[in-house]
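What follows is each chain in one-letter form.
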Amino acid sequence: MNGKLIAFSGFVTAFVGAGIGFIAANLFPCPYTSQMYQDLEQKYALVGAVAGLVIGSSQEMIRELKQERDAEEDLLRDLNKAIHSSIDKDNY
(Lines give C-alpha, C1' and ligand atoms only; values in the text may rest on other atoms or scores of the structure.)
Protein backbone atom coordinates (compact mmCIF):
# COMPACT_ATOMS: atom_id res chain seq x y z
CA MET A 1 0.00 0.00 0.00
CA ASN A 2 1.05 3.55 -0.68
CA GLY A 3 1.31 5.22 2.73
CA LYS A 4 1.93 8.68 1.31
CA LEU A 5 -1.24 8.52 -0.77
CA ILE A 6 -3.26 7.33 2.22
CA ALA A 7 -1.89 10.15 4.39
CA PHE A 8 -2.53 12.74 1.66
CA SER A 9 -6.11 11.54 1.22
CA GLY A 10 -6.62 11.68 4.99
CA PHE A 11 -5.26 15.21 5.27
CA VAL A 12 -7.30 16.51 2.36
CA THR A 13 -10.54 15.09 3.74
CA ALA A 14 -9.58 16.33 7.22
CA PHE A 15 -9.26 19.83 5.79
CA VAL A 16 -12.63 19.51 4.08
CA GLY A 17 -14.20 18.10 7.27
CA ALA A 18 -12.81 20.98 9.32
CA GLY A 19 -14.31 23.44 6.84
CA ILE A 20 -17.67 21.72 6.99
CA GLY A 21 -17.58 21.72 10.80
CA PHE A 22 -16.68 25.41 10.90
CA ILE A 23 -19.45 26.31 8.45
CA ALA A 24 -21.98 24.17 10.34
CA ALA A 25 -21.11 25.93 13.60
CA ASN A 26 -21.68 29.31 11.97
CA LEU A 27 -24.88 28.32 10.16
CA PHE A 28 -26.55 26.85 13.22
CA PRO A 29 -25.74 29.16 16.15
CA CYS A 30 -26.19 27.74 19.60
CA PRO A 31 -28.79 29.47 21.79
CA TYR A 32 -26.96 28.53 25.00
CA THR A 33 -24.39 30.74 26.68
CA SER A 34 -22.68 28.50 29.25
CA GLN A 35 -18.94 27.90 29.17
CA MET A 36 -19.38 24.49 27.56
CA TYR A 37 -20.95 26.08 24.47
CA GLN A 38 -18.21 28.66 23.93
CA ASP A 39 -15.90 28.31 20.90
CA LEU A 40 -18.15 25.86 19.09
CA GLU A 41 -16.51 26.77 15.77
CA GLN A 42 -13.22 25.28 16.97
CA LYS A 43 -14.87 22.22 18.47
CA TYR A 44 -16.95 21.50 15.36
CA ALA A 45 -13.94 22.07 13.13
CA LEU A 46 -11.89 19.62 15.22
CA VAL A 47 -14.63 16.99 15.11
CA GLY A 48 -15.00 17.49 11.36
CA ALA A 49 -11.25 17.22 10.84
CA VAL A 50 -11.00 13.98 12.82
CA ALA A 51 -13.99 12.50 11.00
CA GLY A 52 -12.53 13.57 7.65
CA LEU A 53 -9.15 12.07 8.50
CA VAL A 54 -10.67 8.73 9.47
CA ILE A 55 -13.05 8.58 6.51
CA GLY A 56 -10.50 9.69 3.92
CA SER A 57 -7.76 7.37 5.15
CA SER A 58 -10.15 4.44 5.36
CA GLN A 59 -11.54 5.04 1.90
CA GLU A 60 -8.07 5.23 0.37
CA MET A 61 -6.95 2.07 2.19
CA ILE A 62 -9.98 0.22 0.88
CA ARG A 63 -9.25 1.45 -2.65
CA GLU A 64 -5.61 0.35 -2.38
CA LEU A 65 -6.59 -3.08 -1.04
CA LYS A 66 -9.11 -3.52 -3.85
CA GLN A 67 -6.43 -2.73 -6.43
CA GLU A 68 -4.11 -5.30 -4.85
CA ARG A 69 -6.87 -7.91 -4.78
CA ASP A 70 -7.76 -7.24 -8.42
CA ALA A 71 -4.10 -7.58 -9.43
CA GLU A 72 -3.84 -10.91 -7.58
CA GLU A 73 -7.03 -12.17 -9.24
CA ASP A 74 -5.70 -11.19 -12.67
CA LEU A 75 -2.44 -13.01 -11.95
CA LEU A 76 -4.30 -16.14 -10.86
CA ARG A 77 -6.55 -15.96 -13.92
CA ASP A 78 -3.53 -15.69 -16.22
CA LEU A 79 -1.82 -18.56 -14.42
CA ASN A 80 -4.94 -20.68 -14.75
CA LYS A 81 -5.11 -19.94 -18.49
CA ALA A 82 -1.44 -20.85 -18.92
CA ILE A 83 -1.92 -24.15 -17.07
CA HIS A 84 -4.98 -25.07 -19.11
CA SER A 85 -3.24 -24.08 -22.32
CA SER A 86 -0.26 -26.30 -21.41
CA ILE A 87 -2.53 -29.23 -20.53
CA ASP A 88 -4.46 -28.86 -23.80
CA LYS A 89 -1.21 -28.95 -25.82
CA ASP A 90 -0.05 -32.08 -24.00
CA ASN A 91 -3.31 -33.90 -24.79
CA TYR A 92 -2.86 -33.49 -28.57
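Computed from a predicted model, the values in this text were never measured in an experiment.

Engineer: Is there a simple way to think about the pattern of salt bridges in this case?
Structural biologist: Evaluated as defined, the whole model comprises six salt bridges. In this structure, the salt-bridge partner of D70 is K66, at a minimum N-O distance of 2.9 Å. Taken as a pair, D70 and K66 lie in helix α2 (residues 40-91) at a separation of four residues, close to a single helical turn. For D70, a relative accessible area of 25% translates into the label partly exposed. The shortest N-O distance in the salt bridge between R69 and D70 comes to 3.7 Å. Residue class for R69 comes out partly exposed when judged on its relative accessible area of 44%. Ionic contacts of the salt-bridge type, sharing partners, join the residues K66, R69, D70 and E73 into one network.

Engineer: Could you clarify how one ought to interpret unusual backbone geometry in this entry?
Structural biologist: Leave glycine aside and you will find that most residues have negative phi; peptide bonds, for their part, are mostly trans. Non-glycine residue D39 carries a positive phi angle of around 60°. Taking the relative accessible area as the measure of exposure, D39 reaches 46% and is therefore partly exposed.

Engineer: Is there a simple way to think about the packing of aromatic side chains in this case?
Structural biologist: Inspection of the entire model under this criterion finds one aromatic pair. Plain terms: the ring middles of Y32 and Y37 are 5.0 Å apart, the flat faces sit at 35° to each other, and that makes the pair tilted. With a relative accessible area of 31%, Y37 lands in the partly exposed category.

Criteria and cut-off values
Residues numbered from 1 in each chain as written. Predicted model: local features only at pLDDT ≥ 70, side-chain atom pairs only at ≥ 80, totals over all residues. Heavy atoms only, no water. Salt bridge = Lys/Arg side-chain N within 4 Å of Asp/Glu carboxyl O. Helix = DSSP H or I, 4+ residues; strand = E, 2+ residues; numbered from the N terminus. Buried < 20%, exposed > 50% of the residue type's maximum accessible area, 1.4 Å probe, protein only. Phe/Tyr/Trp six-rings, centres within 6.5 Å; stacked < 30°, edge-to-face > 60°.

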